[in-house]
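Summary of the model geometry
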Amino acid sequence: MKKLISVIAALTLLTVVFGCKSTKETEKAEGSGLAGSKATVAKRKHELVDYQGATLGAQIPEWVMLVADGQYSQAALAKAMPDLKGKKVFVTVGRGDSLQFVRNWTDLVDVEVQVGDTMQRVVTKGVQASMSAQAASTGKEVDPTTVEQTLNMYKAAVSLVELNGLEKTASYWIENVTYEGDVQIDDYFEYYAVWTMDEKRYESQLTAAMKTVQENTSEGQALKEMIKGKLQNVVASSNDESVEEYEY
């Protein structure tokens, strides 16, 4: 009996000794007590340095503040621009190093192309998302050929929307400088323009274009209605896609 007690005691002592050693090794593994210098991250900041009418002491118009805040819809802009009633509104946002280039590109080169490109992207996103969702619901894989054929059909239809009657209602520019710490890393202009056309005329052109899309299934009809709805609500276009937004 005494021999058994002695064995148990010895085993207990070994467990304690090795247990303590294991704990100490774990503590060493968690941290050596040595530390390197902390990483520093330069803070990036943006500064408004000039804007249209600044030399005359003018204030930035409310509609510009709304657009800069991402509020592009007719309902939002109508608060600052009462004449938008009954109008289809498009907002273009241009960005670049040269104010003259950005303004000329937006106003003179081809605003209709810019808005048209946005509509093409709306179609692409809508078709791909819808067909992926349909495939997921049935447990089937998306057929790339079917997606491509459907996309081409809708893109061809959208290209028929000519945006006849589109006019520039207002425009404005601002200049921004970006700093990283105390170092200037960018100096760029942003040019905002609000374009309008008769709302009924736009809807008529869009309806006529969508009639060229032949959809014979319930899923196809649902896709067609969804795409048309998104195109009716297109509000903003930009040469910087990160700025681009759609009202859904």
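Just above, that's the structure.
For the structure given in this document, a descriptive report is provided here. Quick caveat, the model's predicted, so the values are computed rather than measured.

To continue, consider the packing of aromatic side chains. All told, the structure shown has three aromatic pairs when counted by the stated rule. Measuring from ring centre to ring centre gives 5.6 Å for Phe90 and Tyr202, while their planes differ by 80°; the resulting arrangement is edge-to-face. Here the residue Phe90 occupies a position in strand β2 (residues 87-96), and Tyr202 occupies one in helix α7 (residues 199-210), the gap between them amounting to 112 residues. Of the two residues examined, Phe90 and Tyr202, each falls in the buried class. Just above the ring of Tyr179 sits the side chain of Lys45; from NZ or CZ to the centre is 5.8 Å. Just above the ring of Tyr188 sits the side chain of Arg95; from NZ or CZ to the centre is 3.7 Å.

What follows deals with the pattern of salt bridges. One pass over the full model with this rule turns up two salt bridges. The residue Arg95 makes a salt bridge to Asp186 at a minimum N-O spacing of 3.8 Å. Taken together, the positions of Arg95 in strand β2 and Asp186 in strand β4 (residues 183-198) put the pair 91 residues apart, joining distant regions of the chain. You can call Arg95 partly exposed: its relative accessible area is 33%. A salt bridge links Lys168 to Asp107; the nearest nitrogen and oxygen atoms lie 2.7 Å apart.

On to helix α8 (residues 218-232), then. The end-to-end C-alpha distance of α8 is 21 Å, a good match for the 21 Å that 15 residues give at a rise of 1.5 Å each. All buried positions along α8 are accounted for by Gly220, Leu223, Lys224, Ile227, Lys228 and Leu231. Seen end-on, α8 carries its buried residues on one side only, within an arc spanning 130°. In α8, those exposed residues whose orientation departs by more than 90 degrees from the buried face are Ser218 and Glu225. Looking at the buried positions of α8, the neighbouring elements they touch are α5 (111-138), α6 (144-158) and α7.

Looking now at the nonpolar core. Counting 33 residues, the largest nonpolar core has Phe90, Tyr202 and Leu231 as the members making the most contacts within it. Elements with a minimum of two residues in this core: α4 (99-109), α5, α6, β4, α7 and α8. Looking at which element gives the most residues to this core, the answer is α5, with seven residues. Not counting chain neighbours up to four residues away, the residues in contact with Phe90 comprise Val115, Leu163, Leu166, Ala193, Val194, Trp195, Met197, Tyr202, Val234 and Val235. Listed in part, the 17 residues of the second largest apolar core include Val67, Met81, Val91 and Ala170.

Below, the discussion takes up the layout of surface pockets. Here the largest pocket defines a volume of roughly 230 Å³. Along its surface, the largest pocket is lined by 13 residues, and Met131, Gln134, Ala135, Thr146 and Thr150 are the ones closest to its centre. Estimates place the volume of the second largest pocket at around 150 Å³. Every element with two or more residues in the lining of the second largest pocket is listed here: β2 and α7. When grouped by side-chain class, the residues that make up the lining of the second largest pocket number three nonpolar, three polar and five charged.

What counts, and at which threshold
- Residues numbered from 1 in each chain as written.
- Predicted model: local features only at pLDDT ≥ 70, side-chain atom pairs only at ≥ 80, totals over all residues.
- Heavy atoms only, no water.
- Phe/Tyr/Trp six-rings, centres within 6.5 Å; stacked < 30°, edge-to-face > 60°.
- Helix = DSSP H or I, 4+ residues; strand = E, 2+ residues; numbered from the N terminus.
- Buried < 20%, exposed > 50% of the residue type's maximum accessible area, 1.4 Å probe, protein only.
- Lys NZ or Arg CZ within 6 Å of the ring centre and 35° of its normal.
- Salt bridge = Lys/Arg side-chain N within 4 Å of Asp/Glu carboxyl O.
- Expected span 1.5 Å × (residues − 1).
- Arc of directions from axis to C-beta.
- Contact = heavy atoms within 4.5 Å.
- Core = buried A, V, L, I, M, F, W, Y, C linked by side-chain atoms within 4.5 Å.
- 1 Å grid on protein atoms, 1.4 Å probe; cavity = no way out; pocket = protein on both sides within 12 Å on 5 of 7 lines; lining within 4 Å.
- Points joined across faces, edges and corners; volume = space filled by probe spheres on them.
- Nonpolar A, V, L, I, M, F, W, Y, C, P; charged D, E, K, R; others polar.

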